[in-house]
Amino acid sequence: MAGNHTAPDSFEGLSVDQTLDRLGSAVHGLSQAEAESRLAQFGPNTVTEKQESVLLKFLGYFWGPIPWMIEAAAVLSGIVGHWADLVIVLIMLLFNAIIGFWQERQAANALETLKKELALSARVVRDNDWRQIDAADLVPGDVIRVRAGDVIPADARVFGQDFLSVDQSALTGESLPVTKQEGDDIYAGAVAKQGEMEAVVVKTGMDTKFARTARLVATAGRVSHFQKAVLTISDYLIFLSLGLAAALVLTQLLRGDSFFTIFQFVLILVVAAIPAAMPAVLSVTMALGAVALSRRKAIVSRLESIEEIAGIDLLCSDKTGTLTQNQLTLGRPVVFAADDDQDLILAAALASNVANRDAIDLAVVGALTDQKGLDDYRPAKFVPFDPVHKRTEATLTDRDGREFQVSKGAPQVIMDLCGLDDEGRSRARSRIDDFAARGNRALGVARRRLPDGAWLFLGLLPLYDPPREDSASTIRRAAEHGIDVKMVTGDNAAIAREISGQLGLKTNVLSAEQVFSREEDPGNPSPATAEKIERAEGFAQVWPEHKYGIVKVLQKRGHYVAMTGDGVNDAPALKQADVGIAVSGATDAARAAADLILTAPGLSVIIQAVEQARRIFERMNTYAVYRITETIRIMFFVALAMAVFNFYPINTILIILLALLNDLPILTIAYDRTWLDPRPVRWNMRRVLTVSTVLGLIGVVETFGLLLIAKFLLDLSLGQLQSFIYLKLAVAGHFTLFIVRSRGPFWQRPFPAPVLVLAVLGTQTAAALIVGFGLIVAAIPWSLVGLVWAYCLAWVLIEDWAKIQVLRHLELRGERHRRFLDRLQRALHPHASP
């Protein structure tokens, strides 16, 4: 059969039987051996992405503003004949390119590994047995089952007497879902909205009609708040460095220096001052964070979303499967027309389809005392549950050949189907209310004889989804992290309040009808509705458009919102949220829309993700403060020294060494231990710039003071003085890293990671050996090496004290500001809950 490969359009106009015949398949699918043979012939069912040349990617690191500056410095070094400078500049250029290339490869490989865990899956029949496989292993001729919420894994032709409603707007531009019936085609990348059908795969991989849209992992995300801030800092440093450099050039030219000499020096100085390592530090930090999250069963589909997770202060959580176990348990049945409890459960079990692994169906069938009794009935037709009809229906034949139908679903729908009288309805509603008060869900069951028997209301089945054991403790931990949890569920308000009370959540749960008026657009509610949304502590009986509107309102009111979801209908809210979270067991469509995909049930993994994201944020914050501090320290000191004494306090070779040795330890920040902020973290530019400016200016005074000691008290040549100043800048720079990584005294917990300490010790040892033995620079006595260390250690205490005072002052100002806003909020909304 493997030879029946056909041209892309060869199935047009063929019936299902003709299509199956052309594919060498049948309604019961292929054998495993045949499928493996076809997989070898057709290749995997994946979209082949154009791979960029590794060589071109590496060469790209020699193109851009920072490489241009280094290359210009190399050219000028060659023109003026400074060959030692030329060699070292070229080494610096190559070093930056290799580090950046290697870190990007590491980040890309990490993300690719995570993407593999998000592969689409498909239900396929092989060797007459239904099984779940990776969609990449599908081949033409495979028979698959597609149901509501699935992303269609390949181009296929549906068959059977059921129906399937498909949203293919992303593929065809059709604004409404399209109903598919036997013989119609469905396309890879479309989303099943309602119904369930089987289909035979006709095209896979790059042969699919819309191959380019068959993507699961979103890669083109928005730039995060923190990235924007880091890029702003980068621009600020570049402009600051270039401004000081221009002033230096003009000053020295007026003093008669050679244009080439001063321009070469200034170019190298600017290269050392601007954040050349920033892209590498940013990418490796986020990639390592994504890998760490994956070990905790949280997969990141967009690396930048890690930074957004750090700032969330509101978590809108689904109830089922997230706060509860999503393992429905059958309670004590309420019998109406059924013979007994087991007769009622048997009818409900016959109206179930275990192959679909539906939670309700599994709970019902699992409650049967004798499951072998199901073998006495032969199914003829099954109509699955859909959001419109709200019930399942099965047509069966018993051992005596008598045909009958059973149905189960929403109690109101089943009561209407049976035409239950007022007395029966009153009794049923009373029991349903009792169930709801206990957090139970009711299921109605009916049966009728064919061909013309009336539907009989057999009774009610209570279903209870108990809370997860860790939900209450996780909600408490969320509060400790400054995150407010709001339940958002499609269940009725009584169930939502019951579960909220059990979990320690507040019970001010509003139904969608209580929040939105009928004529109101949930996506653009009135100010009064927006006020209700913010004050509510949970939402029940919500539809997808309500979830979307709730998220949008909360964002407009200044909240960073995370939203959990599991169904295709949750996609709008997941996309709108700052962090869309697809919970464990979510449909392919929900996972495709999410930023964070959970592979373990419950909320606890979300809290772990928040903690990890805040630590990553702290590392990036450390890098930003350190980088600004060092730029101010180096640029202002050099400018001040040259303006006062008219000589170069450090030469070009030493500037390059400083840049190289400073960049190595900074890369290990990604592995550092950090303080965990108990509150959501937002980018505080005032704090970053204030702290870094104060430390930078102290560093200028500190370095200039040592220059005065060297010039007037020590008998040093110019070369030795430059080596002396180089060692001071190298030692003080790394001490600054230890100062800014903590908010309290630098010697308190959290202690720096061993890899950071080893990197700093390694580079400091190298710097001391270079100046002590005079390797490519003028040697200085070892006693002066010790003097530099002692001098820097003394100033560390001063800088650390200054850092603590600045942070304390900023914290007091921030606290006063928060208290003012709280008073203002209470004045504007005196009846709001605290």
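Look up: the structure comes first, before these words.
Residues numbered from 1 in each chain as written. Predicted model: local features only at pLDDT ≥ 70, side-chain atom pairs only at ≥ 80, totals over all residues. Heavy atoms only, no water.

Engineer: Which parts of the structure should I look at to understand the pattern of salt bridges?
Structural biologist: When their charged atoms lie close together, side chains carrying opposite charge are able to pair. Inspection of the entire model under this criterion finds 30 salt bridges. With its nearest N and O atoms 2.7 Å apart, the salt bridge here joins Arg38 to Glu34. Highlighted residues: Arg38 and Glu34, both in helix H2 (residues 32–42), separated by 4 residues, approximately one helical turn. Of the two residues, Arg38 and Glu34, both sit in the buried class. Each of Glu630, Arg633, Glu702, Lys728 and Glu799 takes part in one network of salt bridges that share partners. (Salt bridge = Lys/Arg side-chain N within 4 Å of Asp/Glu carboxyl O. Helix = DSSP H or I, 4+ residues; strand = E, 2+ residues; numbered from the N terminus. Buried < 20%, exposed > 50% of the residue type's maximum accessible area, 1.4 Å probe, protein only.)

Engineer: Help me out: how do you make sense of helix H14 (residues 422–437) in this one?
Structural biologist: Three- or four-residue spacings in an α-helix give side chains the same orientation, since the helix completes a turn every 3.6 residues. With 16 residues, H14 extends 22 Å from end C-alpha to end C-alpha; this agrees with the ideal 22 Å at 1.5 Å per step. Those residues of H14 not exposed but buried are Gly424, Arg425, Ala428, Ile432, Phe435 and Ala436. Along the axis of H14, the buried residues cluster in a sector spanning 100 degrees; they form a single face. Exposed residues on H14 whose side chains face more than 90 degrees from its buried face are Asp422, Glu423 and Asp433. (Expected span 1.5 Å × (residues − 1). Arc of directions from axis to C-beta.)

Engineer: Before we go on, may I ask you to explain the side chain of Lys728 in this structure?
Structural biologist: If you trace the backbone, Lys728 turns up in helix H25 (residues 718–740). Given the relative accessible area of 0%, Lys728 is considered buried. In this structure Lys728 touches Arg633, Gly699, Glu702, Thr703, Leu706, Val788 and Cys792, once residues within four positions along its chain are discounted. (Contact = heavy atoms within 4.5 Å.)

Engineer: Can you help me understand a nonpolar patch on the surface in this one?
Structural biologist: On the surface, Val75, Ile79, Leu253, Phe259, Phe260 and Phe263 cluster together into a nonpolar patch covering about 530 Å² of accessible area. Those elements giving two or more residues to the nonpolar patch turn out to be helix H4 (65–79) and helix H8 (259–273). The greatest single-element share of the nonpolar patch, amounting to 3 residues, is contributed by H8. In this structure, Phe260 sits in helix H8. (Patch = residues over 30% accessible without salt bridge, like charges linked within 9 Å, V, L, I, M, F, W, Y side chains within 5 Å. Areas by Shrake-Rupley, 256 points an atom, 1.4 Å probe, with all protein chains shown as cover.)

Engineer: Help me understand the pairing of strand S14 (residues 391–397) in this model?
Structural biologist: The side chains of a regular strand alternate between both faces of the sheet. For S14, the buried fraction is high: 7 of the 7 residues fall into the buried class. On S14, burial covers both faces: Arg391, Glu393, Thr395 and Thr397 on one face and Thr392, Ala394 and Leu396 on the other are all buried. Pairing analysis gives 7 bridges linking S14 to strand S15 (residues 403–409), with the strands arranged antiparallel. Residue pairing across strands places Thr395 opposite Gln405, the latter belonging to S15. (Pairing = 2+ DSSP bridges.)

Engineer: Sorry if this is basic, but what is going on with the packing of helix H13 (residues 411–418) against H14 here?
Structural biologist: Axis angle and axis distance: for two packed helices, these are the angle between their axes and the distance between the axes, and together they describe the pair. The N-to-C vectors of H13 and H14 enclose an angle of 170 degrees; their axes lie 11 Å apart at closest approach. Classified by the angle their axes make, H13 and H14 are roughly antiparallel. Mapping the contact onto sequence places Pro411, Gln412, Met415 and Asp416 in H13 and Arg425, Ala428, Arg429 and Ile432 in H14. (Axes fitted to C-alpha atoms, helices over the stretch in contact; angles between N-to-C directions. Parallel < 35°, antiparallel > 145°, perpendicular 65-115°, else oblique.)

Engineer: Whenever I open this one, the packing of aromatic side chains confuses me. Can you help?
Structural biologist: To describe a pair of aromatic rings, one takes the distance between the centres and the angle between the planes. Here the structure, examined in full by the defined rule, presents 9 aromatic pairs. With centroids separated by 5.5 Å and ring planes inclined at 85 degrees, the aromatic side chains of Phe735 and Trp789 adopt a geometry described as edge-to-face. Taken as a pair, Phe735 in helix H25 and Trp789 in helix H27 (residues 782–828) lie far apart in primary sequence, 54 residues in all. For Phe735, a relative accessible area of 13% corresponds to the buried category. Residues Phe746 and Trp747 carry aromatic rings whose centres are separated by 5.3 Å and whose planes lie at 80 degrees to one another, so their mutual orientation is edge-to-face. Taking the relative accessible area as the measure of exposure, Phe746 reaches 26% and is therefore partly exposed. Residue classification places Trp747 among the exposed positions, given a relative accessible area of 51%. Positioned over the ring face of Tyr560 is Arg682, at 3.7 Å from the centre of the ring. (Phe/Tyr/Trp six-rings, centres within 6.5 Å; stacked < 30°, edge-to-face > 60°. Lys NZ or Arg CZ within 6 Å of the ring centre and 35° of its normal.)

Engineer: I would appreciate a short explanation of the packing of helix H15 (residues 471–480) against helix H22 (residues 604–645) in the present structure.
Structural biologist: Between H15 and H22, whose axes approach to 9 Å, the crossing angle comes to 25 degrees. With respect to their mutual orientation, H15 and H22 come out roughly parallel. In the packing of H15 onto H22, the handedness of the crossing is left-handed. Residues Thr474, Arg477 and Ala478 of H15 pack against Ser604, Ile607 and Glu611 of H22. Across the contact of H15 with H22, the residue classes tally to 2 nonpolar, 2 polar and 2 charged. (Left-handed = near helix turned anticlockwise from the far one by under 90°. Nonpolar A, V, L, I, M, F, W, Y, C, P; charged D, E, K, R; others polar.)

Engineer: Would you mind going over empty space enclosed by the protein with me for this structure?
Structural biologist: Under the counting rule described, the total for this entry stands at 2 cavities of 30 Å³ or more. Size it by volume and the largest cavity reaches roughly 120 Å³. If you go around the largest cavity, the residues you meet are Glu618, Asn621, Val625, Arg687, Val688, Val691, Val740, Ser742, Arg743, Lys803 and Leu807. Elements with a contribution of two residues or more to the lining of the largest cavity: H22, helix H24 (685–712) and H27. (1 Å grid on protein atoms, 1.4 Å probe; cavity = no way out; pocket = protein on both sides within 12 Å on 5 of 7 lines; lining within 4 Å. Points joined across faces, edges and corners; volume = space filled by probe spheres on them.)

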